[in-house]
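Residues per chain are reported as follows:
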2 protein chains.
Amino acid sequence: MTRMDVTPNLRCLSENRAGLSLRERKKLRTRIAIRRATYRLIASEGYEATTVEQIAEAAEVSPSTVFRYFPVKEDIVLTDEYDPVMADILRQRPAGEPILESLRFVIVESLRGMLRDQPEELYARTRLMVEVPSIRARMSETMSTTSQLLAQILAERTGRDPAELELRLFVSTVIGTLREVTIYWGERGFEDDLFSLIDRAMVVLGDLDLRD
Amino acid sequence: MTRMDVTPNLRCLSENRAGLSLRERKKLRTRIAIRRATYRLIASEGYEATTVEQIAEAAEVSPSTVFRYFPVKEDIVLTDEYDPVMADILRQRPAGEPILESLRFVIVESLRGMLRDQPEELYARTRLMVEVPSIRARMSETMSTTSQLLAQILAERTGRDPAELELRLFVSTVIGTLREVTIYWGERGFEDDLFSLIDRAMVVLGDLDLRD
DNA sequence: CTTGATTTTGAGAATTACTTTCATTTGATG
DNA sequence: CATCAAATGAAAGTAATTCTCAAAATCAAG
């Protein structure tokens, strides 16, 4: 809800404490504390075995507060603030650039950002995506939201109808590919170079393009 | 668990009562009763508002039994027996056929079958997919299983490694497209012709193909 | 058709995610 | 400091899901 007013810094995300009121900073701290506690507990106990009560205790807040910040347990682990980042990157792409290329750029840049800022979180999240079906499922939902957002932006840029089937399919295919690549990467223990995998994926997408 | 021994008839699925023991037939009847009761209740009360207890009562079984048949509430609504059907259709495709064409055929034929055998269920399910996020999420998971199954078959046919990234991406893209098209279809109140939508989707996928 | 083995079912208790409500605390502000 | 609005915690409630165990149904032999 309050996410809109924070212009996201492409560099460091959850550290963005500049110019926030005491209240806001406290909220941010709580949010981070909950997430940290969760990742810690999950790492030692596993996802299912970690109850919200434990998380609350570890983060030194009440269970109600946890639910206030993250309505669904899975959200704690997969809510990321990268949607607006991706949106920004996409908006900065030249209008004439082929759509596939724009999306590739967005994906690569976002991943690069995540790997730079919070690599551990990216690994942890990917691991969860591979291991916990409910998280994987929810992640797909998240990505489908991302997909809609990007489609919206591309619609503006190309003057298409954002609801147009073809555009939706195009974007969701690319995002779906990102999902698959990430899972593949995680399944094989992060041994491959993520960006090489993305390159291979792009080859498969080949000259997928929107025609008129 | 017992699903493997039933060679699925391409014509009528849940009616396949031939040569089953009393026990098996009874189980099948229970399964169908639960599903029917669920769809009925959902139609009048909505998905979230329908509790498993109500379902159990309506189907005249105990809640435990419901959970024994469908471990997760969502399963009642989205478990379908079409995976083996799709697999069979795919296996019958000529080895030389382009993969995309094979998959298109599988999709079109399966949908045709569903529309013929249980159109109401297809509509109901699609409606749920559009309206209930948790179902949509789970449906994606289901489709990803389907996707793996089909990839496996295609791997055998083409002599590829079933775990190969490119193959996985290819199949999951096509299945993901089916998902999107179905949602699109449902969002617009089933006004479009489903098969025309699929044709349009195939145009977007264009000459997506696996190269070596 | 009776008996004993096997399967399926139902009853009930326990866990846990999630919701809702309300009183209390805390930061923002004049 | 006094006041208002937002944030928190406490507590009770709902519903999904799991587990356990005993009763009932089916099956396979004799």
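Residues numbered from 1 in each chain as written. Chains lettered and ligands numbered in written order. Predicted model: local features only at pLDDT ≥ 70, side-chain atom pairs only at ≥ 80, totals over all residues. Heavy atoms only, no water.

Engineer: Would you explain the overall build of chain A in this entry?
Structural biologist: Counting its secondary structure elements, chain A contains 10 helices and zero strands. Since a compact globule built from 212 residues should have a radius of gyration of about 17 Å, the 18 Å found for chain A is in line with a globular shape. Along the longest, intermediate and shortest principal axes, the C-alpha atoms of chain A span 55 × 40 × 30 Å. Counting across all 212 residues of chain A, residues that qualify as buried make up 49%. Pairs at least 24 apart in sequence give 69% of the contacts found in chain A among residues at least 6 apart. Across chain A, the centroid of the 30 positively charged side chains sits 5 Å from that of the 35 negatively charged ones. (Helix = DSSP H or I, 4+ residues; strand = E, 2+ residues; numbered from the N terminus. Rg over C-alpha atoms; globule rule 2.2 N^0.38 Å. Buried < 20%, exposed > 50% of the residue type's maximum accessible area, 1.4 Å probe, protein only. Contact = heavy atoms within 4.5 Å. Lys, Arg positive; Asp, Glu negative; His and termini not counted. Charge placed at Lys NZ, Arg CZ, Asp CG, Glu CD.)

Engineer: Explain the environment of D75 of chain B to me, please; I cannot follow it from the model alone.
Structural biologist: All names here are of chain B. Secondary-structure assignment places D75 in helix α4 (residues 73-78). For the pair D75 and R179, spaced 104 residues apart in the sequence, the C-alpha separation amounts to 17 Å. Setting aside its immediate chain neighbours within four residues, D75 contacts F70 and R138.

Engineer: Teacher, can you tell me more about the interface of chain A and chain B here?
Structural biologist: Quite often, the size of an interface is put as the accessible area lost when its parts meet. Taken together, the contact pairs 32 residues of chain A with 32 residues of chain B. Together, the buried faces of chain A and chain B total about 2,700 Å²; carbon and sulfur atoms form 54% of this surface. If you sort the residues of chain A by the area they bury against chain B, L165, R168 and V204 of chain A come out on top, with a joint share of 23%. Counting across the interface, chain A meets chain B through eight salt bridges. Ionic pairing is found between R168 of chain A and E187 of chain B, a salt bridge with its closest N-O pair at 2.7 Å. Linking chain A with chain B are six residue pairs in polar contact (both at pLDDT 80 or more), by the criterion used here. Counting only elements with at least two residues in the side of chain A that touches chain B, the list comes to α8 (133-158), α9 (165-187) and α10 (194-205) of chain A. In terms of residue count, the dominant contributor to the side of chain A that touches chain B is α9 of chain A (13 residues). Among the residues making up the side of chain A that touches chain B, the classes are represented as 14 nonpolar, six polar and 12 charged. (Buried area = accessible area lost by both parts, 1.4 Å probe. Salt bridge = Lys/Arg side-chain N within 4 Å of Asp/Glu carboxyl O. Polar contact = N/O pair within 3.5 Å; in protein donor to acceptor, adjacent residues only side chain to side chain. Nonpolar A, V, L, I, M, F, W, Y, C, P; charged D, E, K, R; others polar.)

Engineer: How should the packing of helix α6 (residues 99-117) of chain B against helix α7 (residues 119-131) of chain B be read in this particular structure?
Structural biologist: Helix packing for two helices is described by the angle between their axes and how far apart those axes are. All names here are of chain B. Contact pair α6 / α7: the axes reach a minimum separation of 5 Å and the direction vectors enclose 110°. Considered as vectors, α6 and α7 are oriented roughly perpendicular to each other. Of the residues in α7, those touching α6 at M114, L115, R116 and D117 are P119, L122, Y123 and R125. Looking at side-chain class alone, the contact of α6 with α7 contains five nonpolar, no polar and three charged residues. (Axes fitted to C-alpha atoms, helices over the stretch in contact; angles between N-to-C directions. Parallel < 35°, antiparallel > 145°, perpendicular 65-115°, else oblique.)

Engineer: Would you mind going over the protein's contact with DNA strand C with me for this structure?
Structural biologist: K73 of chain A together with K27, S62, T65 and R68 of chain B are the nearest of the 20 residues found near DNA strand C. Counting only the atoms of DNA strand C that lie within 4 Å of the protein, the sugar and phosphate share comes to 63%. At 3.1 Å from a phosphate oxygen of DNA strand C is found a main-chain nitrogen or oxygen belonging to S62 of chain B. At the level of elements, α1 (22-45) of chain A together with α1 (22-45) and α3 (63-69) of chain B are the ones that each hand at least two residues to the surface near DNA strand C. (Near = heavy atom within 4 Å.)

Engineer: Help me understand the protein's contact with DNA strand D in this model?
Structural biologist: Taken together, 20 residues are adjacent to DNA strand D, and K27, T65 and R68 of chain A together with R23 and K73 of chain B come closest. Counted by atom, the contact set of DNA strand D within 4 Å of the protein is 64% sugar and phosphate. S62 of chain A places a polar main-chain atom, nitrogen or oxygen, 3.0 Å from a phosphate oxygen of DNA strand D. K26 of chain B is positioned such that a nitrogen or oxygen atom in its side chain is 3.3 Å from a sugar or linking oxygen of DNA strand D. Mapped by element, the contributors of at least two residues to the surface near DNA strand D are α1 and α3 (63-69) of chain A together with α1 of chain B. Per-element accounting of the surface near DNA strand D gives the leading share, four residues, to α3 of chain A. Among the residues forming the surface near DNA strand D, the class breakdown is seven nonpolar, seven polar and six charged.

Engineer: How should the relation of the copies chain A and chain B be read in this particular structure?
Structural biologist: For these two chain copies, the linking operation is a rotation about an axis paired with a shift along it. Superposition record for chain A on chain B: RMSD 0.1 Å, screw rotation 180°, translation along axis 0.0 Å. Taken together, the rotation and translation describe the operation of a two-fold axis. Taking the C-alpha atom as reference, chain A places A137 of chain A closest to the rotation axis, 2.5 Å from it. The residues that chain A uses at the interface reappear at the interface of chain B in 100% of cases, marking a shared surface. (Least-squares fit on C-alpha atoms with pLDDT ≥ 70 in both.)

Engineer: What exactly am I supposed to notice about the pattern of salt bridges here?
Structural biologist: A side chain with one charge can pair with a side chain of the opposite charge if their charged atoms come near. Counted according to the given criterion, the structure contains 32 salt bridges over all chains. Of the charged contacts, one joins R138 of chain B and D75 of chain B as a salt bridge, the two residues approaching to 2.7 Å between their closest N and O atoms. With R138 of chain B in helix α8 (residues 133-158) and D75 of chain B in helix α4, this residue pair connects regions lying 63 residues apart in the sequence. A single salt-bridge network, built from bridges that share partners, covers R168 of chain A together with R179, E180 and E187 of chain B.

Engineer: So what exactly am I meant to see when it comes to the environment of A151 of chain A here?
Structural biologist: Residue and element names in this part refer to chain A. Checked against the element boundaries, A151 lands in helix α8. For A151, a relative accessible area of 4% gives the class buried. Not counting residues within four places of it along the chain, the set of residues in contact with A151 comprises L167 and V171.

Engineer: Would you mind going over the packing of helix α5 (residues 82-91) of chain B against α6 of chain B with me for this structure?
Structural biologist: All names here are of chain B. Running from amino to carboxyl end, α5 crosses α6 at an angle of 135°, the nearest separation of the two axes being 9 Å. Considering their axes alone, α5 and α6 lie oblique with respect to each other. Seen from above, α5 lies across α6 with right-handed handedness. On the side of α5, the interface is formed by Y82, M86, I89 and L90, while α6 contributes S102, F105, V106, E109, S110, G113, M114 and D117. (Left-handed = near helix turned anticlockwise from the far one by under 90°.)

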